[in-house]
Amino acid sequence: MSGRWGGRWSLVRRALSLVAVLGLWQVLTSYDINLWLRFEQFPTVTEVARAFADRVSGDDYWQDLTDSLTRIVTGFALAAVLGVTVGTAVARSRLAADLLGPVLEVLRPVPAIALVPVAILLFPSNEQGIVFITCTAAFFPVMVSTRHAVRALTPVWEEAVLTMGGGRRRVLWSVVLPGALPGILGGLSVGIGVSWICVISAEMISGEYGVGYRTWQDYTVVDYPGVFVGMATIGLLGWLTSTAVELLGRRLTRWLPRAESRPASPVRRRPAPAAPAAPSVRTAQERVRS
């Protein structure tokens, strides 16, 4: 019962925090508060809600939503497959590390959004270019996390499988990937967030449809409620996709021990009975003489 009530109170606290932020936003914008930050040009919560209701009732909103989700899912799926494959190869093979390691380390610091000119020159359509940028953004977090997770595995596990007659393929599927799975999932969680940042930025620069494209168009025509509708939509989409990745990770790692949601009450242990004192050497000698 205590766990169930604790979960309910957690949901209540989260809802109250969101309501408090929205209430503060409404007060600051309704009274045009100008202290150090200027809120006089910000739309109120009610204005954004009305704009959101108008957008939802139209077809363009759902078209933008579908385009952005298609781009993010396609790019992220490609990044997950490539990141896990390349990260595992670099961590397990000296040849792959020598050939791919320097190239990856040179390209990794380059922001994915800086590849927009490359995507425009390289791909025949903007759609393919945006997917490429999204894939590149998520690839490096997944690859780096996979590489570190595979290198951190205990060699004893692999040696045990080899001793029992298992080959390299058995080691890969039974030891390497399951053992590195928590680290891989951490990279996927980071990658999905970075992917949203880059796909929205790419849509603003070179997109024709999408949430990022529509948000930028609203800004150019000074439709600030529409801008905040786009921002809220991006936040909701990012939260939903991140939650989906987290739930998938929990399902794939059900075999891992889970930390308790609340601290367990300390168990009072009875003091162990004192061990009987060992007989001294003098006492043993006296018994022998007698």
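What counts, and where the lines are drawn
Residues numbered from 1 in each chain as written. Predicted model: local features only at pLDDT ≥ 70, side-chain atom pairs only at ≥ 80, totals over all residues. Heavy atoms only, no water. Helix = DSSP H or I, 4+ residues; strand = E, 2+ residues; numbered from the N terminus. Buried < 20%, exposed > 50% of the residue type's maximum accessible area, 1.4 Å probe, protein only. Contact = heavy atoms within 4.5 Å. Core = buried A, V, L, I, M, F, W, Y, C linked by side-chain atoms within 4.5 Å. Patch = residues over 30% accessible without salt bridge, like charges linked within 9 Å, V, L, I, M, F, W, Y side chains within 5 Å. Areas by Shrake-Rupley, 256 points an atom, 1.4 Å probe, with all protein chains shown as cover. Salt bridge = Lys/Arg side-chain N within 4 Å of Asp/Glu carboxyl O. Polar contact = N/O pair within 3.5 Å; in protein donor to acceptor, adjacent residues only side chain to side chain. Axes fitted to C-alpha atoms, helices over the stretch in contact; angles between N-to-C directions. Parallel < 35°, antiparallel > 145°, perpendicular 65-115°, else oblique. Left-handed = near helix turned anticlockwise from the far one by under 90°. Nonpolar A, V, L, I, M, F, W, Y, C, P; charged D, E, K, R; others polar.

S.K.: Is there a simple way to think about the overall build of the protein in this case?
M.R.: Along the backbone of the protein there are 11 helices and 0 strands. When the helices and strands of the protein are listed from N to C terminus, the series reads α-α-α-α-α-α-α-α-α-α-α. Taking all 290 residues of the protein together, the buried fraction comes to 31%. Across the protein, every contact between residues at least 6 apart in sequence was considered, and the portion connecting residues at least 24 apart equals 69%.

S.K.: Is there a simple way to explain the nonpolar core in this structure?
M.R.: A general feature of soluble globular proteins is that nonpolar side chains tend to end up buried together. Counting residues in each nonpolar core, the largest one holds 48 residues, and the members touching the most others are Leu-104, Ile-133, Phe-139, Met-143, Leu-188 and Trp-196. Counting residues per element, the ones that place at least two in this core are helix 2 (45–56), helix 3 (59–92), helix 4 (94–107), helix 5 (116–122), helix 6 (126–151), helix 8 (168–206) and helix 10 (224–252). Looking at this core, the element that brings in the most residues is helix 8, giving 14 residues.

S.K.: Help me understand a nonpolar patch on the surface, please; the structure alone is not making it clear to me.
M.R.: There is a patch of nonpolar side chains on the surface, built from Met-204, Ile-205, Trp-216, Tyr-219, Val-222 and Tyr-224 and spanning about 570 Å² of accessible area. Elements with a contribution of two residues or more to the nonpolar patch: helix 8 and helix 9 (211–220). Assignment of secondary structure puts Tyr-219 in helix 9. In this structure Tyr-219 comes out as partly exposed when scored by relative accessible area, which is 44%.

S.K.: In this structure, what is going on with the environment of Glu-105? I would like to understand it.
M.R.: Position of Glu-105 relative to the elements: it lies in helix 4. Residue classification places Glu-105 among the partly exposed positions, given a relative accessible area of 32%. A distance of 3.0 Å separates polar atoms of two side chains, one belonging to Glu-105 and the other to Arg-108.

S.K.: Any chance you could explain the pattern of salt bridges here in plain terms?
M.R.: When the charged atoms of two side chains lie near each other, side chains of opposite charge can form a pair. Taken as a whole and assessed by the stated rule, the structure comprises 8 salt bridges. For Asp-223, the salt bridge goes to Arg-55, with nearest N and O atoms at 3.3 Å. Of the two residues, Asp-223 sits in the loop between helix 9 and helix 10 while Arg-55 sits in helix 2, which places them 168 residues apart along the sequence. Look at Arg-55 and you get partly exposed, because its relative accessible area is 22%. One salt bridge in this structure joins Glu-105 and Arg-147, with 3.0 Å as the shortest N-O distance. Taken together, the residues Glu-105 in helix 4 and Arg-147 in helix 6 connect sequence positions 42 residues apart. Of the residues examined, Arg-147 reaches a relative accessible area of 10% and is grouped as buried. Salt bridges sharing common partners tie together Arg-55, Asp-218 and Asp-223.

S.K.: Even after reading the chapter, I still don't get the packing of helix 8 against helix 9, so can you show me in this structure?
M.R.: Describing two packed helices takes the angle between their axes plus the distance from one axis to the other. Contact geometry of helix 8 with helix 9 gives a least axis separation of 7 Å together with a crossing angle of 55°. Judged by the inter-axis angle, helix 8 sits oblique to helix 9. Judged by the sense of rotation from one axis to the other, the crossing of helix 8 with helix 9 is right-handed. Of the residues in helix 9, those in contact with Ile-200, Glu-203 and Met-204 of helix 8 are Val-211, Gly-212, Tyr-213, Thr-215 and Trp-216. Class assignment of the residues belonging to the contact of helix 8 with helix 9 gives a composition of 5 nonpolar, 2 polar and 1 charged.

S.K.: Can you walk me through the environment of Ser-174 in this structure?
M.R.: With respect to the helices and strands, the residue Ser-174 is situated in helix 8. Residue class for Ser-174 comes out partly exposed when judged on its relative accessible area of 39%. Put simply, Ser-174 and Trp-157 are 17 residues apart on the chain and 9.5 Å apart in space, counted from C-alpha to C-alpha.

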